[in-house]
Amino acid sequence: MSGVTPTGYVLKTPQEILTSLETKAETVFGEGVIMTAQSPLGQLLGLMTDFAAEMEERNQGIYQSYDPTQTEGVNLNRIGNIRGLSRGALNDARFSRVITNENNRNIRMADRIQKVMEVDGVSWVAVRENSAQFSDSAGIPRHTLAFAVIGGDDAAVAEAVYRNTIPGIGLYGMTSVPVTIGGYCRQVNFIRPHDIPVYADLTIRLVQDVCSCGLTSPQEVVDYLDAAANGDCGLINGDLIDQARIEALLGPIGGLSVTSALVGIDPNDLTADGLQFDVLSRPVLVAKNISVRFS
């Protein structure tokens, strides 16, 4: 396989190009057509092969020019400009490492979560942050991150958390794994949350909305709420599940109003007061546990 592949750009060799051209020539002129190197057709195919091979190398160069680990010189400067970086006196190798943040931790929360999600076997990750000067309502100490992870090997998860946490930030959780990188050992703590099924009984009033027809049946509301509760911005460990949270999950669709929301962990004991989960527990709200009626 040549051209752009999942592992990079693979050059088609001159022999592969020539073989492909000869096959096409036989299709056009018939089997047995003379294509020796001395023949007019053979010489023409040779010229076309040289041209195609040159284009292959040019295509590879264009492909690599967008990768700071493969390009150099002016093209590397252009990539640096996109990020607002200037190389100064740095050579290509060092400037490439600056652009790619090699050996530097990425402190954006979404990127931290993605790096832990990349651990083999991990299916879900959430992070709660307490940047205040005192412990928060969930019991997370000050200046501390609480990674909650489902799936994956403890040691692999701990290493991913370690590599994506800057020094001086505490890590909270009941799972504790020692990780040594570069000769420095740190005890990495994170949460293995317990999934708690949640039941919800909702009364919905349809509201006329000139900009959106909204959802037209209780089952559509159930399906939407299931997807929202379990999506990227859905429920996480330590959440408060009440009418306001339900409204927030349904908010983007418009055309309806939640007039009553009863929730509970027992389908026979629902409350309008809401459910506050601790940071070690993850509320799970799925379609089979949701009841919706229109008023």
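Details of the structure are given in the entry above.
Computed from a predicted structure; not experimentally measured. (Residues numbered from 1 in each chain as written. Predicted model: local features only at pLDDT ≥ 70, side-chain atom pairs only at ≥ 80, totals over all residues. Heavy atoms only, no water.)

A. Highlighting the overall build of the chain. Broken down by element type, the chain carries eight helices and 14 strands. Relative to the 2.2 N^0.38 estimate, which gives 19 Å for 295 residues, the radius of gyration of the chain is 29 Å and therefore markedly larger than a compact globule would have. Seen through its C-alpha atoms, the chain measures out along the principal axes to roughly 90 × 55 × 35 Å. Evaluated residue by residue, the chain yields a buried proportion of 35% over its 295 residues. Taking as baseline every contact in the chain between residues at least 6 positions apart, the subset at least 24 positions apart corresponds to 59%. Separation of charge centres in the chain, based on 22 positive and 34 negative side chains, amounts to 9 Å. (Helix = DSSP H or I, 4+ residues; strand = E, 2+ residues; numbered from the N terminus. Rg over C-alpha atoms; globule rule 2.2 N^0.38 Å. Buried < 20%, exposed > 50% of the residue type's maximum accessible area, 1.4 Å probe, protein only. Contact = heavy atoms within 4.5 Å. Lys, Arg positive; Asp, Glu negative; His and termini not counted. Charge placed at Lys NZ, Arg CZ, Asp CG, Glu CD.)

B. Structural view of the environment of Ile236. Within the element layout of this structure, Ile236 appears in the loop between α7 (218-229) and β10 (240-241). On a C-alpha basis, the gap between Ile236 and Val127 in space is 8.7 Å, while along the polypeptide they are 109 residues apart. Filtering out sequence-adjacent residues up to four positions away, Ile236 remains in contact with Trp124, Ala126, Arg128, Arg282 and Pro283.

C. Here's a closer look at helix α4 (residues 92-99). Along α4, the residues classified as buried are Phe95, Ser96 and Ile99. Down the axis, α4 shows its buried residues gathered within 105° of arc, on one side only. Buried residues in α4 make contact with α3 (73-82). Where α4 begins, the capping side chain belongs to Asn91, and its oxygen is found 3.3 Å from the backbone nitrogen of Ala93. (Arc of directions from axis to C-beta. Polar contact = N/O pair within 3.5 Å; in protein donor to acceptor, adjacent residues only side chain to side chain.)

D. Focus on unusual backbone geometry. Located in the positive-phi region is His143, a residue other than glycine, with phi close to 50°. With respect to the helices and strands, His143 occurs in the loop between β3 (122-130) and β4 (144-151). The class for His143 is partly exposed, based on a relative accessible area of 31%.

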